[in-house]
Amino acid sequence: MTILIQGARPYGEDAVDVLVKDGVIAAIGEDLSSTAETVDATGLVLLPGLVDLHTHLREPGREDTETVLTGSRAAALGGYTAVHAMANTDPVADTAGVVEQVWRLGSDAGLVDVVPVGAVTVGLGGERLAELGAMADSAARVRVFSDDGKCVADPALMRRALEYTKALDGVVAQHAEEPRLTVGAQMHEGERSARLGLTGWPAVAEEAIIARDVLLAEHVGARLHVCHVSTAGSVELIRWAKSRGVQVTAEVTPHHLLLTDAQAEGYDATFKVNPPLRTAEDVAALRAGLADGTIDAVATDHAPHAAEDKECEWSAARPGMLGLEQALSVVVDTMVDTGLLTWREVADRMSVRPAVIGRLAGHGRPLEVGEPANLVLVDPGARSVVDPAALASKSRNSPYAGRELPARVVHVLLRGEPTVRDGEVQK
């Protein structure tokens, strides 16, 4: 398929035409001509397709809340061309058979590259290592391993996981939460949790695991990735570890860049999430850490839930929020419109670095001739109010409901084939 994209602004810079042919960028220049299909991209920002390191697609097991297909639609509409599907499904993705099932479902959907994440431990039980080598050698070629939703709390087991993944050129993505410090936790521990009568989730529960694990990663010489960093102290620990040469990377979610624990005031369980929303000071530190590169990536932690699991009292609700469709808009709102990131840096944090961390060939590549045409075109001037009923996800637990956000994904190409045209998914 051949497509001529006219007047696009790569990384928000000067407008050019881009010719896409046979799945790659064939030419870039001014006033290109072609008999191919044309896309009027006047005023649109061109970026490499986004890559999410942290997506819960729920299939197999909870197809009532999301499927690989519906999650892929949400991802494509959000500007993604690849997503990492977390392992806490039912059955858990702890064998080659399950990760291959998820991978094939993603391939059949054909909207984004669905890259399975393998569990670190059998059944997420934290007692025995899962079949890491078999998952790595499977058709799914797993390179990211995580018990996300649970912490690999045993330090000896974490050390062994780091040793095994090092041999596989993989990475352990740790859900940093010391479980003995979060028993019964409902929200961020602080003045507000005390006043609201909700058990607190202390920042140190996250920070203690990060401190331990960066030292283990340094000792082993392995790669460590920290999921959903949420505290100012965590940012400082990661900055310190990087200064020592530790192979550590980290992600932050859109909701932790925008929202604070003040959202708990109304006891609306939509805002219950793990790790919890933190203070305004934490939000400022997270934004600064993303801006200076201490935090490598924005990852959605897209976590669909059924209505009955959210429309209930706070203590009974399940933690988690939708994120795929509004992630880029939140980053524009919090980081671009505030002057903290350029569009080129957005591409770095939402495409280039996530692809490197996940070892994804063909994604996060420069906008240059000969590179794969995994592309997203964004209208930076658009603004819209988030309506959960209009989302592609099967679930409706969006923390952005009723909020006006900037930027709109207009077109997405996956290896030169349109998956989104004029804001509409193509399958």
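Residues numbered from 1 in each chain as written. Predicted model: local features only at pLDDT ≥ 70, side-chain atom pairs only at ≥ 80, totals over all residues. Heavy atoms only, no water.

Comments concerning the UniProt feature "binding site: Zn(2+) 2" (unreviewed entry) in the chain
- Those places that UniProt annotates as "binding site: Zn(2+) 2" (unreviewed entry) correspond, in this numbering, to Asp148, His175 and His228. These residues run over 81 residues, yet every pair of their C-alpha atoms falls within 9.9 Å of each other. Taking the annotated residues in turn, Asp148, His175 and His228 line the largest pocket.
- Mapped onto the secondary structure, Asp148 falls in the loop between β9 (144-145) and α4 (155-167).
- Judged by relative accessible area, Asp148 falls into the buried class, the value being 4%.
- In contact with Asp148, not counting residues within four places along its chain, are His54, His56, Met86, Asn88, His175, Cys227, His228 and Asp301.
- At 2.8 Å, the side chain of Asp148 forms a polar contact with the side chain of His54.
- Take His228: it is sitting in the loop between β13 (224-226) and α7 (232-243). (UniProt positions renumbered as here; feature names shortened; annotations may be inferred. 1 Å grid on protein atoms, 1.4 Å probe; cavity = no way out; pocket = protein on both sides within 12 Å on 5 of 7 lines; lining within 4 Å. Helix = DSSP H or I, 4+ residues; strand = E, 2+ residues; numbered from the N terminus. Buried < 20%, exposed > 50% of the residue type's maximum accessible area, 1.4 Å probe, protein only. Contact = heavy atoms within 4.5 Å. Polar contact = N/O pair within 3.5 Å; in protein donor to acceptor, adjacent residues only side chain to side chain.)

Some remarks on the UniProt feature "binding site: Zn(2+) 1" (unreviewed entry) in the chain
- Taking the UniProt record as the reference, the feature "binding site: Zn(2+) 1" (unreviewed entry) is found at His54, His56, Asp148 and Asp301. The named residues occupy 248 residues along the chain; their greatest pairwise C-alpha distance, 9.8 Å, places them in one compact cluster. Lining of the largest pocket among the annotated residues: His56, Asp148 and Asp301.
- Ignoring sequence-local partners within four residues, the contact set of His56 consists of Glu66, Met86, Asn88, Asp148, Asp301, His302, Ala303 and Pro304.
- Separated by 3.1 Å, the side chains of His56 and Asp148 make a polar contact.

Observations concerning α7
- Its 12 residues place the ends of α7 17 Å apart at the C-alpha level, agreeing with the 16 Å of an ideal helix rising 1.5 Å per residue.
- Among all positions of α7, only Ser234, Val235, Ile238 and Ala241 are buried. One side of α7 carries all its buried residues, which in axial view fall inside an arc of 125°.
- Check the buried side of α7 and you find it contacts α6 (203-220), β14 (248-252) and α9 (280-292).
- Where α7 ends, the next residue or the one after it, Gly245, has phi of about 90°, a positive value. (Expected span 1.5 Å × (residues − 1). Arc of directions from axis to C-beta.)

Some remarks on the domain arrangement of the chain
- Taken domain by domain, the chain comprises domain 1 (2-45 + 371-425) and domain 2 (49-358).
- Relative to domain 2, the C-alpha centre of domain 1 lies at a distance of 26 Å.
- Taken together, the contact pairs 34 residues of domain 1 with 46 residues of domain 2.
- Interface area, domain 1 with domain 2, both sides summed: about 3,200 Å², of which 64% is carbon and sulfur.
- Of all residues in domain 1, Lys394, Asn397 and Tyr400 bury the most surface against domain 2, accounting for 21% of the area lost on that side.
- Run the count over domain 1 and domain 2 and you get two salt bridges.
- The partner of Asp113 in a salt bridge is Arg415, and the shortest N-O contact between them spans 2.8 Å.
- Applying the counting rule to domain 1 against domain 2 returns 16 residue pairs in polar contact (both at pLDDT 80 or more).
- If you list the elements that add at least two residues to the side of domain 1 that touches domain 2, you get β16 (375-385), β17 (404-414), β18 (417-421) and β19 (424-425).
- No other element matches the seven residues that β17 contributes to the side of domain 1 that touches domain 2. (Domains from an automatic or database assignment. Buried area = accessible area lost by both parts, 1.4 Å probe. Salt bridge = Lys/Arg side-chain N within 4 Å of Asp/Glu carboxyl O.)

Notes on the side chain of Glu251
- Secondary-structure assignment places Glu251 in strand β14.
- Buried Glu251, no salt bridge; nearest opposite-charge side chain is Arg223, N-O distance 11 Å.
- At 3.1 Å, the side chain of Glu251 forms a polar contact with the backbone nitrogen of His228. (Lys, Arg positive; Asp, Glu negative; His and termini not counted.)

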